[in-house]
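# Survey of secondary and tertiary structure
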Amino acid sequence: MKGKGILSVFDICLIIGIGVMNVLYSVFSGTVDVIGSVTGIAGVLCVVLVAKGSIWNYLFGLANVSLYAYVSFKAGLYGDAALNALYYLPMQFVGWWQWRRRGASARGGDDGRESVVKARRLSPRQLVLVAAVCAAGIGGGTVLLDWLDDPQPFKDAVTTVLSIVAQFLMALAFMEQWALWIITNVVSVAMWCVCVSRDDPHAGLMVIMWLFYLANSVNGLRVWLKLSRKDAPQNNLQ
């Protein structure tokens, strides 16, 4: 399947918006947070390209997850830190490989358009399995993070577990990833708002980043619903 090779107006607004918000944050806070800004901008570029089905998302994903692991660790969000350093980082390479297998290309074709990934959907049985794994993981993760003195064990467990499952579904090009990303993004906004109230480093920019992620995830669900219909039936784990 071929993509148009250009960003939509919505995509451009997200990219420009995250840059403008970072500038405004620096002006009103009186500080220049380079790490937080690069993390947020790289992250938005990544998720915008995921929503388009472009394999280039993994390039920006590498930068985002590396820096976000550092930022999360400084804020005491050890679940998020471990998730990014030990899972998201290697999954960038796994995802690149899997998307190449599913038709995505890093180079345009003869018509100059980029080949995007072939999307698919989970079967009802797979949906039940995913839901059970998420519920069990969140329960166990909350207990573990509470024992580790995580300041927000339940929210950190939700974002950690759902992100692990969503990233797995993303690598295999399943549309249902976007439902999990939406929940993760909502909880992440709430979690980082608490960090803002504690004056944690980079927290304000992380709230901005997750709000843009949330907007993109809603758009991603819309786009991938169409992509998965066009490429159906693709309901098996190949």
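The structure we're discussing is the one just above.
Let us look at the structure shown here. Predicted, not measured: the structure shown is a model, and the values here were computed from it. (Residues numbered from 1 in each chain as written. Predicted model: local features only at pLDDT ≥ 70, side-chain atom pairs only at ≥ 80, totals over all residues. Heavy atoms only, no water.)

### Considering the pattern of salt bridges
Applying the stated criterion across every chain yields a total of 1 salt bridge. One salt bridge in this structure joins Asp200 and Arg198, with 2.5 Å as the shortest N-O distance. Overall, the relative accessible area of 34% leaves Arg198 in the partly exposed class. (Salt bridge = Lys/Arg side-chain N within 4 Å of Asp/Glu carboxyl O. Buried < 20%, exposed > 50% of the residue type's maximum accessible area, 1.4 Å probe, protein only.)

### What to know about the packing of aromatic side chains
Evaluation of the coordinates by the stated rule reveals 10 aromatic pairs. Ring geometry for Tyr58 and Trp99: centres 5.5 Å apart, planes at 85°, overall edge-to-face. Here Trp99 lies in helix α4 (residues 78-101) and Tyr58 lies in helix α3 (residues 57-74), a separation of 41 residues in the sequence. Of the two residues, Tyr58 and Trp99, both sit in the buried class. Judged by centre distance (5.8 Å) and plane angle (70°), the rings of Tyr68 and Trp210 are edge-to-face. In this pair, Tyr68 sits in helix α3 while Trp210 sits in helix α8 (residues 203-230), placing the two residues 142 residues apart along the sequence. Accessibility classification places Tyr68 together with Trp210 in one group, the buried group. Feature note: the residues Tyr58, Trp99, Trp178 and Trp224 constitute an aromatic cluster, connected by ring pairs. (Phe/Tyr/Trp six-rings, centres within 6.5 Å; stacked < 30°, edge-to-face > 60°. Helix = DSSP H or I, 4+ residues; strand = E, 2+ residues; numbered from the N terminus.)

### A look at the environment of Ala171
Here Ala171 is to be found in helix α6 (residues 153-171). For the pair Ala171 and Trp96, spaced 75 residues apart in the sequence, the C-alpha separation amounts to 7.7 Å. Beyond its immediate chain neighbours, meaning those up to four positions away, Ala171 contacts Tyr58, Met91, Gly95, Gln98 and Trp99. (Contact = heavy atoms within 4.5 Å.)

### Observations concerning a nonpolar patch on the surface
The grouping of Leu7, Ile12, Ile16, Val20, Met21, Val23, Leu24, Val27 and Phe28 at the surface amounts to a nonpolar patch, some 830 Å² of accessible area in total. The residue Phe28 is located in helix α1 (residues 9-29) in this model. (Patch = residues over 30% accessible without salt bridge, like charges linked within 9 Å, V, L, I, M, F, W, Y side chains within 5 Å. Areas by Shrake-Rupley, 256 points an atom, 1.4 Å probe, with all protein chains shown as cover.)

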